[in-house]
Number of protein chains: 4
Amino acid sequence: MAGVNKVILLGNLGADPEVKYLEGDNVVANLRLATTESYKDRNGNKVEQTEWHDLELWGGQAKVAEQYLKKGMQIYVEGKIKTDSWQDDQGQNRKRVRIRVLSFTMLGGRQDSGSAPPAMDQGAPQAAASKPQPASTPAPDLSGDDDDLPF
Amino acid sequence: MAGVNKVILLGNLGADPEVKYLEGDNVVANLRLATTESYKDRNGNKVEQTEWHDLELWGGQAKVAEQYLKKGMQIYVEGKIKTDSWQDDQGQNRKRVRIRVLSFTMLGGRQDSGSAPPAMDQGAPQAAASKPQPASTPAPDLSGDDDDLPF
Amino acid sequence: MAGVNKVILLGNLGADPEVKYLEGDNVVANLRLATTESYKDRNGNKVEQTEWHDLELWGGQAKVAEQYLKKGMQIYVEGKIKTDSWQDDQGQNRKRVRIRVLSFTMLGGRQDSGSAPPAMDQGAPQAAASKPQPASTPAPDLSGDDDDLPF
Amino acid sequence: MAGVNKVILLGNLGADPEVKYLEGDNVVANLRLATTESYKDRNGNKVEQTEWHDLELWGGQAKVAEQYLKKGMQIYVEGKIKTDSWQDDQGQNRKRVRIRVLSFTMLGGRQDSGSAPPAMDQGAPQAAASKPQPASTPAPDLSGDDDDLPF
DNA sequence: TTTT
DNA sequence: TTTT
């Protein structure tokens, strides 16, 4: 009943988005996001530790990602953990964990640009999942087909 | 631009919800929520500290709150900080901070009940703001008028 | 640089904690946590979806978990995503995702009890990772060995 | 008991930090942070809404803020809501809400620079409250006096 | 004004 | 008072 499954990430993209257009007008984008933390070990040496996350975006969000996100960019992400399970060739149970992105925001102003798309000023920097909540994570002009999400 | 303003609270209600039905079929519920933390001070004495939060819910959520939430209950809340500003009688600038609730969940199973409403088992315990995101914070059978929110 | 990797979960334990005492006075507890969301599909039928999470707690937290957490209990958890990678027998790259718990709180008052430990009233319900931040996630009387965490 | 009071903000600083050195070697920094959301109203017009937050940082964090944060910078913040209450001259109850910052991160790479301090690459961009949790929100070389916080 |  |  009534659980909470929430992930908040802030990091840098390890590659450009991989976007697939599926049957039924669906779109999915996959991203690799690195979150790095650094701390001092007991000897006072600085240690960096990077965690890589597999992100999955659907519908209109996937399209925004395809259009604006690039390798190296810093983004803020909210989503939830999703585990896919299957059996591999040897009949072994396998699973794979992904972050299903519910909203994301590009950070840092002009860290990439060059050809800063005017469309970005019209809402693209912040994208929210289907049926945007008017007052919280408003989405741009996206008429995503998110209702068709196969989750 | 593209900011994040997110609040996560888990605590107990200090009173029953106060609900107002407004013109235009709008409903608002106000809640008082206590979040308590306890720690040991430098003398090893346990100290409890309670913070009181003013919560505000609109539309279908307000109705769910009115129906199910009671003084003493423990709830989990997601929302955002909202500040109202005005001038008082002396022309002084005043402001008041509220948490605009975007979703909440009742916790702890049967901590109140007595007449545990069957509806509760059918989705009421978790309520989300207007236009529920299908895969994240699904709302019950609420046809809220959240589009009319005057925020 | 300077990333964020944060997980917030609220759900029920699928089993009692599995606790291992390691060399060097270290303790680790593993938990299975279910977060369930329910929504209506496009036909209006209610669908429930449960995600299972592997939680990992270390040191004093593991001990608190061992002592107080039981199958079925509802808990709130904050932590971060951690991926372990290794090669399996066939030389295949494998990985496994866990949630490294940084703090947790037991919910719901007396939903289990039976032999409600008096100690629970003295701080155990809320446990934080090593070196508790005095004002935020205060831990009980735990002198955990968290400094020895092999992360 | 055992509550959660958590705030996550991502926005831009409206001014340079205001830092005060107090007796007993304490330091406090106050920041004004703007979080902006934009959405389309029912007529399809884009609306921007900015919320201003009063942030409060103590000890080593305040010093990091003083040294590195500047008006206009984009930062990510975690903290908690704190309300101060008092009586004003007319004997009226007044209160003021602040965000007590527990950790923050500077965003966006080189949005200020000019004299990008080398120290920034050595840990300053991410600062955590007293007694840093080794694996989660590691702090720089700060030996803050956070134990003396009057919270 | 809640809860433990 | 920030940012886009």
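Keep in mind the model is a prediction, meaning the values are calculated, not measured.

Conventions we followed
Residues numbered from 1 in each chain as written. Chains lettered and ligands numbered in written order. Predicted model: local features only at pLDDT ≥ 70, side-chain atom pairs only at ≥ 80, totals over all residues. Heavy atoms only, no water. Helix = DSSP H or I, 4+ residues; strand = E, 2+ residues; numbered from the N terminus. Buried < 20%, exposed > 50% of the residue type's maximum accessible area, 1.4 Å probe, protein only. Contact = heavy atoms within 4.5 Å. Areas by Shrake-Rupley, 256 points an atom, 1.4 Å probe, with all protein chains shown as cover. Least-squares fit on C-alpha atoms with pLDDT ≥ 70 in both. Salt bridge = Lys/Arg side-chain N within 4 Å of Asp/Glu carboxyl O. Pairing = 2+ DSSP bridges. Buried area = accessible area lost by both parts, 1.4 Å probe. Polar contact = N/O pair within 3.5 Å; in protein donor to acceptor, adjacent residues only side chain to side chain. Phe/Tyr/Trp six-rings, centres within 6.5 Å; stacked < 30°, edge-to-face > 60°. pLDDT = per-residue confidence, 0-100.

Novice: Please provide a residue-by-residue account of the overall build of chain A, values included.
Specialist: Of regular secondary structure, chain A possesses one helix and seven strands. Taken from the N to the C terminus, the helices and strands of chain A come in the order β-β-β-β-α-β-β-β. Taking all 151 residues of chain A together, 53% fall into the buried category. Pairs at least 24 residues apart make up 57% of the contacts formed inside chain A by residues separated by at least 6 positions. Of the roughly 6900 Å² of accessible surface on chain A, 42% is carried by carbon and sulfur atoms.

Novice: Residues and numbers for the relation of the copies chain B and chain D, please.
Specialist: With an axial shift of 0.0 Å and an RMSD of 0.0 Å, the rotation relating chain B to chain D amounts to 180°. Both copies of the chain, as the preceding transformation shows, are related through a two-fold rotation axis. Relative to the rotation axis, the closest C-alpha in chain B is found at V7 of chain B, a distance of 2.3 Å. Interface overlap between copies is the fraction of interface residues in one copy that are interface residues in the other; for chain B against chain D it reaches 100%, indicating a shared surface.

Novice: So what about the pattern of salt bridges? Which residues, and what values?
Specialist: Taken as a whole and judged by the stated rule, the model has 36 salt bridges over all chains. Salt-bridge contacts for D54 of chain B lead to K95 of chain D; the nearest nitrogen and oxygen are separated by 3.6 Å. With D54 of chain B in strand β4 (residues 46–58) and K95 of chain D in strand β6 (residues 93–106), this residue pair bridges two chains. Overlapping salt bridges, with partners in common, bring together K6 and E78 of chain A together with K6 and E78 of chain B in one network.

Novice: Give me the pairing of strand β3 (residues 27–40) of chain D: which residues, what numbers.
Specialist: Residues and elements named next belong to chain D. Of all 14 residues that make up β3, 11 are buried, and the element is covered over most of its length. Sheet analysis places strand β1 (residues 4–13) next to β3, joined by two bridges and oriented antiparallel. The residue of β3 that forms the bridge with N12 is A34. Relative to β3, strand β2 (residues 18–21) runs antiparallel, the two being bridged by four bridges.

Novice: Explain unusual backbone geometry to me, and be specific about the residues and the numbers.
Specialist: Residues other than glycine seldom take positive phi values, yet D25 of chain A does so here, at roughly 70°. Mapping D25 of chain A onto the fold places it in the loop between β2 (18–21) and β3 (27–40).

Novice: Kindly report on the interface of chain B and chain D, identifying the contributing residues and their values.
Specialist: In this assembly, 37 residues from chain B lie in contact with 37 residues from chain D. Of the roughly 2800 Å² buried between chain B and chain D on both sides combined, carbon and sulfur atoms contribute 41%. On the surface where chain B and chain D come into contact, there are four salt bridges. Between E37 of chain D and K80 of chain B there is a salt bridge, with its nearest N and O atoms 2.6 Å apart.

Novice: Provide a residue-level description of the side chain of T35 of chain C, including the pertinent values.
Specialist: Of note, T35 of chain C is situated in strand β3 (residues 27–40). If near-sequence neighbours (up to four positions away) are discounted, T35 of chain C is found in contact with V4 and N5 of chain A together with L9, L10, G11, Q49, T50, E51 and H53 of chain C.

Novice: Which residues make up the environment of S38 of chain B, and what are the values?
Specialist: Residue and element names in this part refer to chain B. Mapped onto the elements, S38 comes out in strand β3 (residues 27–40). On the accessibility criterion, S38 (15% relative accessible area) is buried. Measuring from C-alpha to C-alpha, the distance between S38 and Q49 comes to 6.1 Å, with 11 residues separating the pair along the chain.

Novice: Let's hear about the side chain of R98 of chain A: which residues, and what values?
Specialist: Residue and element names in this part refer to chain A. Counting through the fold element by element, R98 comes out in strand β6 (residues 93–106). R98 gets classed as buried once you look at its relative accessible area, which sits at 17%. Within the local environment of R98, its side chain forms a polar contact with the side chain of D84, the two groups lying 2.7 Å apart. Contacts of R98, omitting those with residues within four sequence positions, involve N30, D54, E56, K80, I81, K82 and D84.

Novice: Before we move on, could you go through helix α1 (residues 59–68) of chain D and cite the residues and values that matter?
Specialist: Among the 10 residues in α1 of chain D, seven count as buried, and that is most of the element. Those residues of α1 of chain D not exposed but buried are G59, G60, Q61, A62, V64, A65 and Y68 of chain D.

Novice: Quick rundown of the packing of aromatic side chains? Include the residues and the values.
Specialist: In the structure shown here, the tally under the stated rule is two aromatic pairs over all chains. Consider the rings of Y76 of chain A and Y76 of chain D, whose centres lie 6.3 Å apart with planes at 40°: the pair is tilted. With one member in each of two chains, Y76 of chain A in strand β5 (residues 74–87) and Y76 of chain D in strand β5 (residues 74–87) form a pair that bridges those chains. The pair Y76 of chain A / Y76 of chain D is uniform in exposure class, with both members buried.

Novice: Give a description of the environment of L9 of chain D that names residues and reports values.
Specialist: Within the fold, L9 of chain D resides in strand β1. By relative accessible area, L9 of chain D is classed as buried at 0%. Through-space distance from the C-alpha of L9 of chain D to that of Q61 of chain D is 17 Å; in sequence the pair is 52 residues apart. Contact partners of L9 of chain D, with chain neighbours within four places excluded, come to V4, N5 and K6 of chain B together with L33, T35, H53, L55, I75, Y76, V77 and I99 of chain D.

Novice: Any details on the confidence of the model for chain A? Residues and values, ideally.
Specialist: All names here are of chain A. The share of residues in chain A with pLDDT of 70 or more is 72%, and the mean pLDDT across the chain is 79. Mean pLDDT values over the elements of chain A span from 68, in strand β7 (residues 126–128), up to 98, in strand β1 (residues 4–13). Counting interchain partners and residues more than four positions distant, the pLDDT-below-50 stretch residues 110–125 has 22 contacts. Here residues 131–151 scores under 50 on pLDDT; set against residues more than four positions off or in separate chains, the count is 68 contacts.

Novice: I'd like to hear about the environment of T35 of chain A, residue by residue, with values.
Specialist: The buried category is assigned to T35 of chain A, whose relative accessible area is 4%. Distance in space between the C-alpha atoms of T35 of chain A and R94 of chain A is 25 Å, their sequence separation being 59 residues. When residues no more than four places from it in sequence are discounted, the contact partners of T35 of chain A are L9, L10, G11, Q49, T50, E51 and H53 of chain A together with V4 and N5 of chain C.

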